[in-house]
Each structure stands twice: as structure tokens, then as C-alpha cells.
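Chain and residue survey
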Amino acid sequence: MRAGRSAFTTGLWAFPLATAGLAVLSLYRESLGLQVSHLSLLTLVLIGTIQATSWNILSGFSGYFSFGQAAYLGTGAYTTAVLYGRHGVSFYLTIAVAAGLCAVLALAIGGLAFRLRSLRGEIFALLTLAVPFILGALARTSRAIDGGQGIPLAVPSFPAQIGLFQDFLYLVSLLVAAGAVWAAFAIIYSRSGWALAAIRDAENVAEGLGVATFQYKLLALVASAVIGGVGGSVFALYIGFVTVESVFNLNFPLFVIVMSVLGGRTHWLGPVIGAILVVLLQNRLASSHFESWQLIILGGILAILIAVAPDGLMSGVRRRPWPVLGVLLGTTLILWLARAPGQPLDWILIGMLVAAAVAVWPGRRRRAQSIAPAEPVDVEPSSPRSSAPATAGSPPFVSTPTGAPASASPTSESTPLTPAAPQATPAAPATAAVLVECRKVARYFGGVHALEDVTLRIHEREIVGLVGPNGSGKTTLISLLCGSLRPTRGHILVAGHDTRALAPHRVAHAGIARTYQIPQPFASMTVRDNVAMAVMFGRVPSRLTQARARAEQHMELVGLGHLAGALPSALNLHQRQLLEIARALAAEPKVLLLDEALAGLNPAEIDSAVEVVRRVHRAGTAIVIVEHLLRVVNQLATRVVVLDRGTVLADGAPRTVMSDPAVIQAYLGRSGARA
Amino acid sequence: MAGPAVHGSDHRRWSFMKFLQAALTGMLLGGLHALMAAGLSLSWGVLRIINLTHFGLILIGAYLTFQIASSWHIDPILTLVVTVPALFAAGAVLQWGFDRLAVTELNSLLLSFGLLVVMVQAVSNIWTADFQQMTTDVNPYATGSLSVGRLVFPSTTLIAFALSVVIIGGGHQALHRTFIGRALRAFAMDRTVAAAFGIDHRRISILVAGIAGGSAAVAGMLFALSTALTPFTAFEWFGIVFAVVILGGIGNVVGTLLAGLLVGALSSLASVIHSPATEPFVVFSLIVVALLVRPQGLFARAGGH
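Residues numbered from 1 in each chain as written. Chains lettered and ligands numbered in written order. Predicted model: local features only at pLDDT ≥ 70, side-chain atom pairs only at ≥ 80, totals over all residues. Heavy atoms only, no water.

Things to note about the overall build of chain A
We apply this condition: Think of it this way: any DSSP run of H or I at least four residues long counts as a helix, any run of E at least two long counts as a strand, and we number them from the N terminus. Each residue's exposure class comes from its accessible area (1.4 Å probe, protein chains only) as a fraction of the maximum for that residue type: buried when under 20%, exposed when over 50%, partly exposed otherwise. By the convention used here, residues are in contact when the closest approach between their heavy atoms is within 4.5 Å. Note on areas: Shrake-Rupley, 1.4 Å probe, and residue coverage restricted to the protein chains presented here.
Within chain A, the regular secondary structure consists of 31 helices and 12 strands. Counting over 675 residues, chain A shows a buried share of 56%. Of the contacts formed within chain A by residues at least 6 apart in sequence, a portion of 75% connects residues at least 24 apart. Summed over its atoms, the accessible surface of chain A is roughly 27500 Å², and 64% of this surface lies on carbon and sulfur atoms.

In C-alpha cells form, the structure reads like this:
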């Protein structure tokens, strides 16, 4: 996805060069034989680029769709209209004010919306839909802003050597657009870009690995707002007469979204390509009297693209750059030489459309993608659904007298609850330091008491086997330990810090990392970068190159070294679970929480996974392992904690715990004791 | 916003009757918003599709009623005989498409936004962007009203409210009493498990989408009955309808009715007390408060959805 530093340094000189090249078009317009109308068209492309890039920084990079682009555009436009148009403040100053106002607006929206823990992407999208309506209503009714008649803008003063007003407008738009695209470029090649991609792929996981998700989302939102606001100021000058209808309408978000989706949402250059294509298409449709069809065509393009090529043109262009470029130039040239009917712009548009078709043509890429993602579904029946809230209400183990764990493991049936002979010596809890401490922890989901009065300690160099029937609260406890859930009552101390006082990503930095029952890799990153992410955002932040080097070690440890360059979609379940472990390890935790990391594996894979866990333990990490296979628990654990109906039923050395009558009852049913 | 027809905000004299009138009118209108929201909520909660084309279907339903009633000179309510089956089919076909493409929840938002724009522009191309209203000789309900003491309610509003309540109530009963309703709720809770018990998700999805389409036809008819139509109102419905969906709890049909009444009453009161421009503020802040206090919706039962 992202190449690395070399691309970034290339960008450092390429940007000024490209900007200068485009500026020449205006400065030597007459000698180049360019018409003013062409310059205006280019200006429109630039204005589209600004807004589409602004949208893309938030919605494309972080995956939080916004329908509220008109809010920034309108705020920027009205800032300039009121201050410059009405009160005669310098135009250039109003741009800065617009940027500031939009930043404040974004901080308010983001501060509110992103604080809501329950906020899902869809709800955010709908919230942003409401913002332009509210601002529009405010502008329409407030006499200080508009009051309903609209605000005309005069031409601002600019150096005479620039030429016409159109030249000035073009140059201003060019500067802002170049700044916007450069900002998008800088964001995607920096830590923020990685953080945002991780948020887009799997936000919870990113937070659990130490990514400050709230801050990065807010950063993206503010960057997007500032660019959108500055673009709004320029747009006000372009339209010359600012009304509520012209800036706070819903067509605008449509255009912007189509540009970004068409170009490609995950790439910095996507919006530029999209803007060129959409503006040109719009211009040609308007000039051939198809204006009433314009929205139908654009809406249709959006719908078809989402269905057929949600990645946009940019990924296609990167896949086969030379054919696309060749088709573009070839088609245009042929039309030119053949003196086809229409203007040069029509020929260019047709060339671009043909090239776009070549770019999104499915070709051979499809097959590789469609195989892998089906796998996790297979796992579900065999992996007991102990994800807390859903199953807490489902019938507990009593209804299945044999007990799910026992039936899952043939070996444990014959010698049900006695540990295997070669037993790791239990670490002496008295001497080792306490890493995690739960004090009377309770967690309720509505009326369901998932955990009640849980008190336990996890020491250095321990492997704690956390077992219990389905719905006993194991996964809830894991989520509490890593900070993604907060206890209803009681305290959890990680290295002496109360997790209530820490943001979830800080809990990761305090030394807790977890794996997920159903693997959640960052789908857009290679295996190596999945692991490198965790290194980059670990306790000691590091650079990408260092992080990749460190990632190699972790991949070797779990035995994934040979797959470093693969995408997660190409991995099988076992490899994905190893990736989960490697990624959690890369955060260099003091305590590693393995939530059924072995579920759904065959016996040979289980043995190799057990070996991996041993190696991790030997390297000095304490481990909490949730597992249904008692064979595995007996092989690994130095201590066993049994949860039953949300309380700690037993806690001690595996041998004593497993022969505890209460534990046997919990696993084999109560019929003997109760009836 | 499709603002309630409350007059006289210019005289500031405090009057209890004025507020009562506003609150009741708002609630009556809220019933119609709830009907619009119910279909959307059902498809979001059960099918995991945020179907913005629902607004387009309502719009098309309204224009069809207008067109059929005006050219054939029949009672506008009778046009449902044509529009309900037509939009049932349209909703089903759209869902079939969503299903075939296997769109995710977020992408469904973008995809259906694109389709909605196509629908709105198509309506505008066919019937022009100007306001259109059935003439009074076609629409016998336009002028009638019901007076209770000093309170006056237009009969179109009353019809809209009554029909909405009947449909939402009927839908609720169907969800809880019939086999298909139970299958549907099982499907909403856990698709994989429901599929394992022999529930055919394709058929159920298409049926649900069809029913949502049919409800859109009714909502559209009710709009044509009471107001003048213009294509771009479809976008103006967004705010209030999504407020109702979110407040009611996504997928909760009865919740949408209660939320509709609440939002209707509050926004109508706000526009009387202050000015119609405050309406969006009320709606928006209601959503924000609801999300802060009860993310699962104001009227959802604990542990539900």
C-alpha cells in the first residue's frame, strides 16, 4: 500500500515541480494558446480536488463516512462572504479565519461524536448529514450571517502582473489544492496514515495495540475541516455571490463523494483523478444540453462503482499503469487524428473513460480475493460463543451434562481432570511481582451479571489457564483486563495503574495485549506490516523501518517468517491465529491474553501452537490463556483459574484445581449433587 | 423540513391552547414520520441495509398517487391499489440487487445514496421541479377538518395519523404473532443460526424489503394528500426520519411510533415557541442526547438488539 521513505522524499521535490508546472499554464497562458474558459474549467477541477481531498482524509483514510462536506464548504464560504463581502476585511485574512472556524467546528463535532463509545460508522455518517442542514438554517435566519438574500463578493485586489481575475482565481485554487493534496500525502506516509488505515480495518484491535484512536480520528477530522473551509473561501470567490442554496446543498456532498470513490478512497491521488473526470464529464454534459441528466449519471456512477469497483480507479491504475496511460493517450490521439466530431475536450473525456474502463476491468485479480474470507465462518460452530453479552443469557452448561470442553477434546475424556504428567513447576507467587490485580471486579450488561466479585492476581512468569463453561465470563474478563470494557464495580490494576483512569490504548502501553477469538487482521496491510503496526505504536514509539525489522523477529518466533509479504486474506485460520499472537507480542506486553487462540485447529496445529506459546513464555512474558481444551491447559498452565457463572470457582495449581469437587461438578453437571 | 402547519407565531401572547394545539398537531404529523421511519428501521435492523432509496420510494409513491388521482379522477386513497403492489415490487427488486452484490452496511449507505439521487432527479425530470398538488375536486380530504373545542385538526393529518398507527400496529402484531414474523426476528438476531434452522434469508429479505416498499407507498400517498410535492423534499425528510429511527431503536417498529410522536411534538413546540428555524436544532440535539444516554434507542428494551 505505502512504499516507504523513498516515495516520501520523491514527493518532496515532485510536489513543488508539479505545482510550478501547473502555474505556468496561467502565467504563460497567452503564449500557450490556452483559452480563459479552459482555465476556468481547470479552476473547477482544482476546487473539486480540494473538497474531495478534504473528504478523503477523513472518510477515505479512516473509514468514517461523512455526508457533511457542505458544512465546511459553507462555513468557509460564509466566513469570507461576511467578513470580506460585507465588512471589507482582507480576503487573505478571511481564509485564515475560515480555517480556524472550521477547525473549531470539527473539534466540536469530533469531540462529541468520537467520545461516544457506541458510535458506529453509520451513525456518524447520519450525524454529519444533519450538520449542513443546521448550519444552513442558521445562516438563512440569522441577519448577521445572511438573512436570506445572499451576499455578493467583489473582486479582491491582487498583483497586476498576474493578469485577469480568472488567472488569479486559478493560482489561488492551485496553491490551496496543492497544499491539500500535499497534506493528504504527508498524512498517509506518516504514522497517522498507518494509524488511520488500522482504524479503518479494525478499530478495536488498533486501540488494543496502543493506537490513540480518538486522537488520530480527531486529527483527520480537523485536517479535513481546515482544508474544506479554506476551499470554501476560494469557492465563495469563484461563485461571486454566496447563498445558502449554493453552499449548503446536498448535491455538493454527492459530487465530492463520487470524485473520491471514483478515484480511490485509500490513495492520496484518488480524489485528484476523480475530480478531473467528474468535472470534465459535468462540463461536457452541460455543453451538450444534458444538464437534467447530470445528477442521474453521477448518482448512477456512484451506485455502480460501489457495487463493481469499490476500490476506485487508483488501485486499477497502480495495477496496470502503462496500459491505462497508453489507452488514454492512444484513444485521444486516434480521435484527434481521425478528426472525430466534437472538441478536443470531448476526445480527452472519451480517452479517460476508456482508460477508466481498462483500470477497473476485473482481470485475474478476482480469484485470489474470493477464496480466503469465507474461512472464519467455518470456525464459528466449533469455537464456543463465549463472547460475553450475547451468550450470558443463553442456557449455561447445566443443560449439556457432558460439558462442551470435555467433548471437544478426546484425550481429556479418558483422564478427564488430571493434569498430564510432565508439569511445568508452578511459579512461586509469593516471590514474583504482581503484574495485574483484579479487586472485587463486577461487570453487568443491562440485567445480565457477566462477572461478579472477581478477585485475582497475575504474577510475572506465570501461565494462567482461564477455564470455565460457556457463558462463565472468560471473554468478558479478558476485555476488562485489556481495558476495552470498564468494570461496573471494583478495580483492575495494571502495573499499579487503575484501568479506569487509563484510555484503552494506554492500557496497552501499561503492558497488556490480547488476541481475538476470531482473528481480526488489518486487511489492507501485509503480515509484516500487521506486526510492525504493533511495534510502531507500542510503549516506545518507533519508526517504520525499525518496526519492520523488529516485526521479523516476532514473526520468526511464531513461525510466520515465510509469509511476511502476504496479505491476511491469503492466510489460513491457523496462520491467522499465529498472526494474532505475533501482533500481540509485538506490543511487547508484560501480560499476553490469549482468547481461545487455538480454537478450531487440528491436533497437529494445536501442538505447534502450544510450542509457540511455550517459546513466548520462555522469552519472559506472563500469559493468560482462555482455552476449552483441558489437555492444552494442563500442558501449559502453571496455575488454573476456573470461572463459573461470573465468579471465581477455584484458583490454584492445576493438579489441585482439577480435582476440586466443585470444579468437577461445574464441568460434568450438577445432577449428582443437586437431584 | 416538512414543517407542521402552525400559524400565528407572530403574536407572542402566551396561550396554553396554542401550545396544546401545536403539540397535538406535531404528534399527529409524527405518526406519518414514524411510518416513513418504520420501513427504514426494519431494513436497517433486519437486513443490515441502510436503504436511502426508501425516501425515493416514498417520493415516487407520492407522485404516483398525485398522477393517478389527477388523471383518472379517483379517490387518492384508492390509488393504493396500484401503488402498494408497484412499490412492493420495487423494494423487492432493489433488495434482490443488494443481496446479489453482498454490500456491507456502510457501502449500502453510499450505494443507495447514489440510487436516491437518480430517483429524485428522474422524478424531477418527469414531473418538473415545481410544486405539484392535487386539486380540491380530486382530493376531497384537502379542505375538511375536525374541531374539538378550540382545537382544530385538518382531516388529512388525522387520516395520515390513523393509517400510520394502524399499519405500524399491524406490523408489530405480525412480527410477534405470525410464523414469518418470528422467523424474521430470529433472522435479525443471528443470521447464521437462523439459517441453520432452515430460514431462507433471500426470501425473507425480499419479503421484508417488499413490505417496506409497500409502507413507502402508503406514506407517499399520505404526503400527496396533505402537502404540495417537490422532488427535493426527499432530502429534507432525512433529518427528522433518521432522528425517529435512531431514537426509536434501530429495527424496533413500535419504538419508531413512540419516537415519531415525541419528535413531532417537540419540534412543533419549538417552532411555535421560537421559530421554525429551531426545528433542526431540536431534532439534532435529540439524536445526540439519545446517543449519549441510550445508544440502543430511547424505546428499546434493555438487552434488546
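What to know about the environment of P521(A)
All names here are of chain A. Mapping P521 onto the fold places it in the loop between β8 (512–514) and α24 (527–536). Considered as a pair, P521 and V507 are 14 residues apart in the sequence and their alpha carbons are 20 Å apart. Among residues more than four places away in sequence, those in contact with P521 are N530, P568, L579, E580 and R583.

Description of the interface of chain B and chain A
Put simply, the rule is: Buried area: the accessible area, evaluated with a 1.4 Å probe, that two parts lose upon being put together, summed over both parts. Just to be clear on terms, a salt bridge is a Lys or Arg side-chain nitrogen sitting within 4 Å of an Asp or Glu carboxyl oxygen. What qualifies as a polar contact is a pair of N or O atoms within 3.5 Å, subject to a donor-acceptor requirement within protein and to the restriction that residues adjacent in sequence count only when both atoms come from side chains. Residue polarity is assigned by list, with Asp, Glu, Lys and Arg as charged and Ala, Val, Leu, Ile, Met, Phe, Trp, Tyr, Cys and Pro as nonpolar; anything else, Gly included, falls into the polar class.
Residue-level contacts link 32 residues of chain B with 38 residues of chain A. Taking both sides of the interface into account, the surface hidden between chain B and chain A amounts to around 3400 Å²; carbon and sulfur atoms contribute 84%. In terms of surface lost to chain A, no three residues of chain B exceed L106(B), L110(B) and F113(B), which account for 18% of the buried area on that side. Between chain B and chain A we count 0 salt bridges in total. Here chain B is connected to chain A by 0 residue pairs in polar contact (both at pLDDT 80 or more). When residues of the side of chain B that touches chain A are traced back to their parent elements, those giving at least two are α4 (105–127), α9 (233–248) and α11 (279–293) of chain B. For the side of chain B that touches chain A, the element with the most residues is α4(B), which contributes 14 residues. Classifying every residue of the side of chain B that touches chain A gives 26 nonpolar, 4 polar and 2 charged.

Considering the sheet that holds strand β10 (residues 622–626) of chain A
Residues and elements named next belong to chain A. How we decide: Any two strands are treated as partners once DSSP identifies two or more bridges connecting them. Every axis in this analysis is a line fitted to C-alpha atoms, fitted for helices over the stretch in contact. Angles between the N-to-C directions lie between 0 and 180 degrees.
The 6 strands lie next to each other as β8-β9-β10-β5-β11-β12, forming an open sheet whose pairing is mixed. In this open sheet, the two strands that pair with only one neighbour each are β8 and β12 (647–652). Averaged over neighbouring strand pairs, the angle between their axes works out to 20 degrees when direction is ignored.

What about helix α6 (residues 121–141) of chain A?
What sets the pattern is the α-helix's 3.6 residues per turn: residues three or four places apart point alike. Stated formally: The span you would expect from a helix comes to 1.5 Å times its residue count less one.
Taking 1.5 Å per residue, 21 residues should reach 30 Å; α6(A) reaches 31 Å between its end C-alpha atoms and fits that length. α6(A) sits mainly inside the fold: 17 of its 21 residues count as buried.

Re the side chain of Q69(A)
Residues and elements named next belong to chain A. Among the structural elements, Q69 can be located in helix α4 (residues 69–86). Taking relative accessible area as the criterion, Q69 reaches 1% and is therefore assigned buried. Residues contacting Q69, with those up to four places away along its chain left out, are Q51, S54, W55, G228, F252 and V256.

A few points about the packing of helix α2 (residues 53–72) of chain B against helix α8 (residues 201–226) of chain B
Each pair of packed helices can be described by the angle between their axes along with the distance between the axes. All names here are of chain B. We apply this condition: Each angle gets one of four labels, with under 35 degrees taken as roughly parallel, over 145 as roughly antiparallel, 65 to 115 as roughly perpendicular, and the rest as oblique. With the far helix as reference, a near helix turned anticlockwise by less than a right angle produces a left-handed crossing, and one turned clockwise produces a right-handed crossing.
The interhelical angle for the contact between α2 and α8, taken along N-to-C directions, is 50 degrees, at an axis separation of 7 Å. Our classification of the angle between α2 and α8 gives oblique. In this structure, the crossing between α2 and α8 has a hand that is right-handed. In this structure, α2 uses H54, L57, I58, G61, A62, T65 and F66 to contact α8, whose residues at the interface are A212, G213, S215, A216, A219, G220, M221 and A224. The class makeup of the residues in the contact of α2 with α8 is 9 nonpolar, 6 polar and no charged.

Digging into the packing of helix α3 (residues 36–62) of chain A against helix α11 (residues 251–263) of chain A
Residue and element names in this part refer to chain A. Viewed as axis vectors pointing N to C, α3 and α11 meet at an angle of 75 degrees, and their least axial separation amounts to 9 Å. Classified by the angle their axes make, α3 and α11 are roughly perpendicular. Contact residues: G48, Q51, A52, W55 and N56 in α3; F252, V256, I257, M259, S260 and V261 in α11. Partitioning the contact of α3 with α11 into residue classes produces 7 nonpolar, 4 polar and no charged.

Section: the nonpolar core
Our working definition: By nonpolar core we mean a set of buried residues, namely Ala, Val, Leu, Ile, Met, Phe, Trp, Tyr and Cys, connected to one another through side-chain atoms within 4.5 Å.
Counting residues in hydrophobic clusters, the biggest one holds 256 residues, and the most contacted among them are Y78(A), F522(A), F55(B), F113(B), W237(B) and V241(B). Not counting chain neighbours up to four residues away, the residues in contact with V241(B) comprise M36(B), A37(B), L40(B) and F55(B). If you look at the next biggest cluster of nonpolar residues, it comprises 28 residues, including L451(A), L466(A), L477(A) and V624(A).

A word on helix α5 (residues 91–113) of chain A
All names here are of chain A. Relative to the 33 Å expected for 23 residues at 1.5 Å per residue, α5 spans 33 Å between its end C-alpha atoms, a close match to the ideal helical length. Turning to α5, its buried residues number three or more, namely F91, T94, I95, A98, A99, C102, A103, L105, A106, I109, G110 and A113. Summarising the contacts, the buried residues of α5 are in contact with α4, α6 and α9 (213–239).

Topic: the pattern of salt bridges
Residues and elements named next belong to chain A. Within this structure, the stated rule accounts for 18 salt bridges over all chains. Measuring nitrogen to oxygen at the nearest pair gives 2.8 Å for the salt bridge that ties D529 to R548. Of this pair, D529 sits in helix α24 while R548 is found in helix α25 (residues 544–558), placing the two residues 19 residues apart along the sequence. Here E588 makes a salt bridge to R550, at a shortest N to O gap of 2.2 Å. Remark: R550 occurs in helix α25 and E588 occurs in the loop between α26 (573–586) and β9 (591–595); sequence separation between them is 38 residues. We classify R550 as partly exposed; its relative accessible area is 30%. Among the ionic contacts, a cluster of salt bridges with common partners joins E437, R439 and R457.

Considerations on unusual backbone geometry
Residue and element names in this part refer to chain A. Its identity as a non-glycine residue notwithstanding, A495 has a phi of 50 degrees, on the positive side. Structurally, A495 can be placed in the loop between β6 (489–494) and β7 (497–498). Despite not being glycine, R645 shows a phi value in the positive range, around 50 degrees. With respect to the element layout, R645 can be found in the loop between β11 (639–644) and β12.

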